[in-house]
2 protein chains.
Amino acid sequence: MPDTPTVTARGPINRPTPLRQAVYEALTELIINGSLKPGQHLVEAELAESLGVSRQPIREALQRLQTAGWVDLRPSQGAFVHSPTTAECAQLLSVRGLLETHSARGAAQHATPRDIARLWELQQTGLTALEAADARAIVEANAALHGHITLLSRNAVLAELIPQVDRRVRWYYMPIARPRGKDAWNEHARIIEAIGEGSPGRAEELMRRHTRNTTEFYCRQIAAVVGRGD
Amino acid sequence: MPDTPTVTARGPINRPTPLRQAVYEALTELIINGSLKPGQHLVEAELAESLGVSRQPIREALQRLQTAGWVDLRPSQGAFVHSPTTAECAQLLSVRGLLETHSARGAAQHATPRDIARLWELQQTGLTALEAADARAIVEANAALHGHITLLSRNAVLAELIPQVDRRVRWYYMPIARPRGKDAWNEHARIIEAIGEGSPGRAEELMRRHTRNTTEFYCRQIAAVVGRGD
DNA sequence: ATGCAGAATACTGTATGCAATCATCGTTCG
DNA sequence: CGAACGATGATTGCATACAGTATTCTGCAT
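Cut-offs used in this document
Residues numbered from 1 in each chain as written. Chains lettered and ligands numbered in written order. Predicted model: local features only at pLDDT ≥ 70, side-chain atom pairs only at ≥ 80, totals over all residues. Heavy atoms only, no water. Pairing = 2+ DSSP bridges. Helix = DSSP H or I, 4+ residues; strand = E, 2+ residues; numbered from the N terminus. Contact = heavy atoms within 4.5 Å. Buried area = accessible area lost by both parts, 1.4 Å probe. Salt bridge = Lys/Arg side-chain N within 4 Å of Asp/Glu carboxyl O. Nonpolar A, V, L, I, M, F, W, Y, C, P; charged D, E, K, R; others polar.

## So, the sheet that holds strand E3 (residues 78-81) of chain A
Residue and element names in this part refer to chain A.
Here's step 1: With antiparallel pairing, the three strands of this open sheet are ordered in space as E1-E3-E2. The sheet is open, and its two edges are formed by strand E1 (41-42) and strand E2 (71-74), each paired on a single side.
Here's step 2: Across two bridges, E1 lies against E3 in antiparallel orientation. Residue pairing in the sheet places leucine 42 in a bridge with alanine 79 of E3.

This is the structure in structure tokens:
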């Protein structure tokens, strides 16, 4: 590996991680895993004590949580965990599909053989998780694969927008939806092939169909859940 | 008008506007109009004194400015006005086109005759500004028209994402680009017609071409500016 | 003259304190 | 008995104060 210099270019880490960022991540985690339920009133003092910090980092984290759509911040009333509506979730899914379709096109235009190899690795990780029927690992592998495709599109704006949308989608659907299973990963394989061939149009179309399938899959599950009065 | 209840539903305003929001808006304005230049180091204490508030509202506003892409916040170093690259701007344009295309489709599905009438009003405002050759008014009318189409799509996620992208685009291009002129407004008219007919596919395609034209128009101007070494 | 080491400075990150506002509950009047 | 009013407790909004870190300047050695 001649491209391994004397100092492996680790990211400019070692920056003292600001407390507010740790708080931000802690709170998103608490929201995603359901410790903080939708609509719940978040009291700054409680969070501060619970996390062992002062109110200031909490407040700064809440600002970012609001713009990311995790909480609603009402003046003089405080923060409330955002309650997504069914309509909003459908919108999230359609927008995510749109953005991912675009990123697949970009990936097909910019990917190097090395990138493709990495995609196949991630695909294999997903297949392994699929065999083990490890739902958590499947979701994670799926996010990793889609995330890497976005990265390959070399589009900073997409890379910034998609995670915001994607995390919210996953947060809402995780409790009620099961991963799609083998079909999805077959579609992944064909998308990777198209990207590897450098066929933007083909990759775009395949991704469009893939996200459409995913959207329909989830919408059916929602309809079932809502239908039985849950 | 039977839908006018005893209490006209004015938005639940009159909430004491938090200082942090005023600061947020003041800073975006300062960035857009160039008082704060890209790459400039924003010192909290200076901003605080300049705006006559303490550092706390400044810090909270900076958090939101970061997630909105206006500033880069480096740990232990402070806030710097974001410096957009040419590549990033092209990406912003393409993503905006993507989102607006989607919103045009949604608008065609949901718009009422009353909504259409409003669109024609906005169109007329734009034409008036065009005749008066008032660049500022043209840009504003354009934003108003596109914004209303987004609103008609009844898609909260789009309504949340597009302004973020759009404002950054306008910020970067305003100093170097002139409005497109009559062509753009002819395209607008045809888009409104398609929305009025309730033809999602047609509205989508027209908007796609419109945004593509706009993107190319701006990219040519950039190339010209960069080409002459400015 | 130049490169480096060390201290001084300036700024950010965090904590705490106080005033203003909102929600809740008990009371009183119609 | 119901509804409006007022007091009280809790919570947010803002300001100030202190600690930690990065940058810069100065002086010295090479």
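From this point on, the discussion continues.
## Focus on the pairing of strand E3 (residues 78-81) of chain B
Residues and elements named next belong to chain B.
Here's step 1: Two strands pair when backbone bridges link them, and strand E2 (residues 71-74) and E3 are joined in this way by four bridges, in the antiparallel orientation. Bridging from a neighbouring strand, aspartate 72 pairs with phenylalanine 80 of E3.
Here's step 2: If you look at the hairpin formed by E2 and E3, you'll find three residues sitting between the two strands, and serine 76 has a positive phi there, around 65°.

## With respect to the environment of Arg168(A)
Here's step 1: Structurally, Arg168(A) is set in helix H7 (residues 156-173).
Here's step 2: If sequence neighbours within four positions are ignored, Arg168(A) has contacts with Ala68(A), Gly69(A), Trp70(A), Glu88(A), Leu92(A) and Glu160(B).

## Observations concerning the interface of chain A and chain B
Accessible area lost on assembly of the parts is the figure often given for the size of an interface.
Here's step 1: Opposite the 31 residues of chain A that make contact, chain B presents 32 residues.
Here's step 2: Taken over both partners, the interface formed by chain A and chain B buries close to 3,000 Å², and the fraction arising from carbon and sulfur atoms is 54%.
Here's step 3: Taken as a group, Gln63(A), Leu98(A) and Val157(A) account for 18% of the area that chain A buries against chain B, more than any other trio of residues on that side.
Here's step 4: Where chain A meets chain B, there are four salt bridges.
Here's step 5: Ionic pairing is found between Glu160(B) and Arg168(A), a salt bridge with its closest N-O pair at 3.3 Å.
Here's step 6: When contributions to the side of chain A that touches chain B are tallied by element, the ones reaching two or more residues are helix H3 (55-67), helix H4 (86-110) and H7 of chain A.
Here's step 7: At eight residues, H4(A) tops the list of elements feeding residues into the side of chain A that touches chain B.
Here's step 8: The residue inventory of the side of chain A that touches chain B, partitioned by class, reads 13 nonpolar, nine polar and nine charged.

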